[in-house]
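Listed below are the residues making up each chain.
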Amino acid sequence: MVHVAPARRAVSYTFRVTSEHDAFGAWFDALVGALPIVDADDDTAEWSIVSAVSAADEQPTSWRFLVDGEERGSGQAPDQVATTMIQTLNGQVVQHWPGVVCHAGCVSVDGRAVVMPADPESGKSTLTCGLVRAGFDYVTDEGVAFVAGSTQIEPYPKPLSLDPGSWFLFPELEPEPPEGIVADEMAQWQVAPATIRRAAVSGPCDARFLVFPEYVEGADTELVPMSRAEALVELAKNTFEFNQHSRASLDELELVVRACVCHRLTVGSLDDAVDCIRELTRGA
Amino acid sequence: MPDPVSDRSIDGRFAPARGEHVHTVVLDGEGVLLDEQENRLHLLNVSATLLWQLYDGATTLDELATDLSTELGGDPAAILADLVTISRHLGAEGLLEGVVPEREDDA
């Protein structure tokens, strides 16, 4: 049975998922359930999930993912396809947003955003997840979209993508595969924010804190102030497609940095890191 | 238009100018320079940023050293040595107008 999901908006990109496998379609729509539902229009991208099913046990044997009829990925397991879909969504958000998008996790409290730019594998999704669990509102764990000419952030509440190295920190978040589908252990968890905490998603918020995290195993967790100039350089390094519009991007980032208190965070313990950020946002 | 000079030839007679291809942002006294030709970012401390802002293409390093010595005190020769070092570094990074980095095999 075909599952047609409602059209959803990821920042300024709208898409609609149609899945030949009803359970997968419902499962994926639950993952992206924090993205607002919108009316589909001519600009809405049509995403399709095609699955081949075994005649013996009616289990899907392979999956294909298409955007507007063009194949974007395939796999043998539903979580593989879901990961590809989320990565595709990330790319489309960056391409369709007219302003600057930074590679960063982000949470907010009372409308004030803590932006955490970091390299891949730095632990930003883990830290973001820990902060949401601790009561911060979820903005994104991947792309922070700044509204041009301002410090305002348009949230991108995609499912949080957790790698195996952090699973032991969040055992309660282990996802189930789509109903009726037998799946091997997942390579990456995709976690809907509602799974972490009810009403966890942030509304539009303003950047007020820049925290550059780096996980260092065994290190003492430490929050160290950094200069705004240094923060600007680091933020630029973590801006998608910075080189394509470098001067305009730098000017936009300057606005953000001027409004923020800036720190580096060495993370040895997730709980200590959450406490550091809690203290930081309380004090300001 | 004068011929470009190498960074290593910069001395007190040189009047450095900020590169036209370089966009400057100053935050709390520190400079972030964007080289729009190379798409590279450079971070300057407060002292280097102050100097960068004085590089107008008309004032020689000798003149700058004299002015700084008068205003701030200190030995003009030592100040000049520092200015030459900083200027050669900025030139080597391709940030000064009319200065080309000298490669090791050009020496």
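Look a little higher up for the structure.
Because the structure is predicted, anything quoted here is derived from the model rather than measured.

Student: Can you explain the overall build of chain A? Please cite residues and give values.
Tutor: Secondary structure assignment for chain A yields seven helices and 16 strands. Against the 2.2 N^0.38 benchmark of 19 Å for 284 residues, chain A shows a C-alpha radius of gyration of 19 Å, consistent with a compact globule. Taken over the C-alpha atoms alone, chain A extends approximately 60 × 40 × 30 Å along its principal axes. The buried share of chain A, taken over its 284 residues, is 53%.

Student: Outline the interface of chain B and chain A, supporting the account with residue identities and numerical values.
Tutor: Facing the 12 residues of chain B at the interface are 16 residues of chain A. For the chain B and chain A pair, buried surface summed over both sides reaches about 1,300 Å², with 65% attributable to carbon and sulfur atoms. Counting the surface chain B buries against chain A, the share from its top three residues, Leu-27, Asn-39 and Leu-41 of chain B, is 38%. Scanning the region where chain B abuts chain A turns up two salt bridges. A salt bridge links Arg-228 of chain A to Asp-28 of chain B; its shortest N-O distance comes to 3.2 Å. Elements that contribute at least two residues to the side of chain B that touches chain A include exactly β2 (22-27), β3 (30-35) and β4 (40-44) of chain B. Split into classes, the residues belonging to the side of chain B that touches chain A amount to seven nonpolar, two polar and three charged.

Student: If you had to explain unusual backbone geometry to someone new, which residues and values would you point to?
Tutor: Although it is not a glycine, Ala-199 of chain A adopts a positive phi angle of roughly 50 degrees. When you line up the elements, Ala-199 of chain A lands in the loop between α4 (193-196) and β14 (205-215). Even without a glycine there, the phi angle at Asn-39 of chain B is positive, about 55 degrees. Structurally, the position occupied by Asn-39 of chain B is in the loop between β3 and β4.

Student: Which residues make up the sheet that holds β4 of chain B, and what are the values?
Tutor: All names here are of chain B. Taken in spatial order, the three strands of this open sheet run β2-β3-β4, and their pairing is antiparallel. Of all strands in the sheet, those with a lone pairing partner are β2 and β4, marking the two edges. Pairs of neighbouring strands in the sheet enclose a mean axial angle of 20 degrees, with direction left out of account.

Student: Let's hear about the environment of Ile-277 of chain A: which residues, and what values?
Tutor: Residue and element names in this part refer to chain A. The topology assignment puts Ile-277 in helix α7 (residues 270-283). Looking at Ile-277, the relative accessible area reads 0%, which means it is buried. With 14 residues separating them in the primary sequence, Ile-277 and His-263 have C-alpha atoms 10 Å apart. When near neighbours in sequence (up to four residues on either side) are disregarded, Ile-277 contacts Val-114, Met-116, Leu-127, Leu-131, Phe-136, Val-211 and Leu-265.

Student: Give me the lowdown on helix α1 (residues 46-54) of chain B, citing residues and values where you can.
Tutor: An α-helical segment advances 3.6 residues per turn. Residues three or four places apart therefore align on the same side. All names here are of chain B. Among the residues making up α1, those that are buried are Ala-48, Thr-49, Leu-51 and Trp-52. Down the axis of α1, the sector holding all buried residues measures 165 degrees, keeping them to one side. Those residues of α1 hidden inside the fold are in contact with β2, β3, β4, α2 (61-72) and α3 (76-92). The residue sitting at the N-terminus of α1 and contributing the capping side-chain oxygen is Asn-45; that oxygen lies 3.3 Å from the backbone nitrogen of Ser-47.

Student: How would you explain a negative patch on the surface if you had to name every residue and give the values?
Tutor: There is a patch of like negative charges on the surface, built from Asp-39, Asp-41, Asp-42 and Asp-43 of chain A. Owing to a relative accessible area of 71%, Asp-39 of chain A belongs among the exposed residues under this scheme.

Student: Summarise the nonpolar core; cite the residues concerned and give the values.
Tutor: Residues and elements named next belong to chain A. In this structure, Phe-15, Phe-28, Trp-47, Met-85 and Ile-277 are the most contacted members of the largest nonpolar core, which totals 57 residues. Broken down by element, this core gets its largest block of residues, seven residues, from helix α2 (residues 78-96). In terms of nonpolar packing, the next biggest core, distinct from the first, is built from 32 residues, Ala-104, Met-226, Leu-235 and Val-256 among them.

Criteria and thresholds
Every chain is numbered on its own, with residues counted from 1 as its sequence reads. Chains carry letters from A onward and ligands carry numbers from 1 onward, assigned in written order. Residues qualify for local features only when their pLDDT is at least 70, as the model is predicted, and side-chain atom pairs are given and counted only at 80 or more; totals for whole chains, interfaces and linings, by contrast, use all residues. Based on all heavy atoms of the structure, the side-chain values leave hydrogens and waters out of the count. Secondary structure follows DSSP: runs of H or I at least 4 residues long count as helices, runs of E at least 2 residues long count as strands, and numbering of each begins at the N terminus. As a reference, a globule follows 2.2 Å times the number of residues to the power 0.38, and the radius of gyration itself is taken over C-alpha atoms. Each residue gets one of three labels from its accessible area relative to the maximum for its type: buried under 20%, exposed over 50%, partly exposed in between, using a 1.4 Å probe on protein chains only. Residue contacts follow a heavy-atom distance rule, with two residues in contact if any of their heavy atoms lie within 4.5 Å. The term buried area denotes the loss of accessible surface (1.4 Å probe radius) that occurs when two parts are joined, taken as the sum for both partners. The salt bridge criterion pairs a side-chain nitrogen of Lys or Arg with a carboxyl oxygen of Asp or Glu, the two atoms within 4 Å. Polar here means any residue outside two lists: the nonpolar Ala, Val, Leu, Ile, Met, Phe, Trp, Tyr, Cys and Pro, and the charged Asp, Glu, Lys and Arg; Gly therefore counts as polar. A pair of strands is considered paired only if DSSP assigns at least 2 bridges between the two. Where helices are involved, their axes are fitted lines through C-alpha atoms of the stretch in contact, as for all axes, and angles between N-to-C directions lie from 0 to 180°. Arc definition: directions from the helix axis to the C-beta atoms. Polar contacts, as counted here, are pairs of nitrogen or oxygen atoms within 3.5 Å of one another; within protein the pair requires one atom able to donate a hydrogen and one able to accept it, and residues that are adjacent in sequence qualify only if both atoms are side-chain atoms. Exposure above 30% relative accessible area and no salt bridge define the residues that can form patches, which grow by joining like charges within 9 Å and nonpolar side chains of Val, Leu, Ile, Met, Phe, Trp and Tyr within 5 Å. Residue-level accessible areas treat just the shown protein chains as cover; the underlying method is Shrake-Rupley with a 1.4 Å probe. The charge count includes Lys and Arg as positive and Asp and Glu as negative, but it does not include His or the ends of the chains. Charge coordinates come from a single atom per side chain, which is NZ of Lys, CZ of Arg, CG of Asp or CD of Glu. Definition of nonpolar core: a set of buried residues of the types Ala, Val, Leu, Ile, Met, Phe, Trp, Tyr and Cys, connected through side-chain atoms within 4.5 Å.

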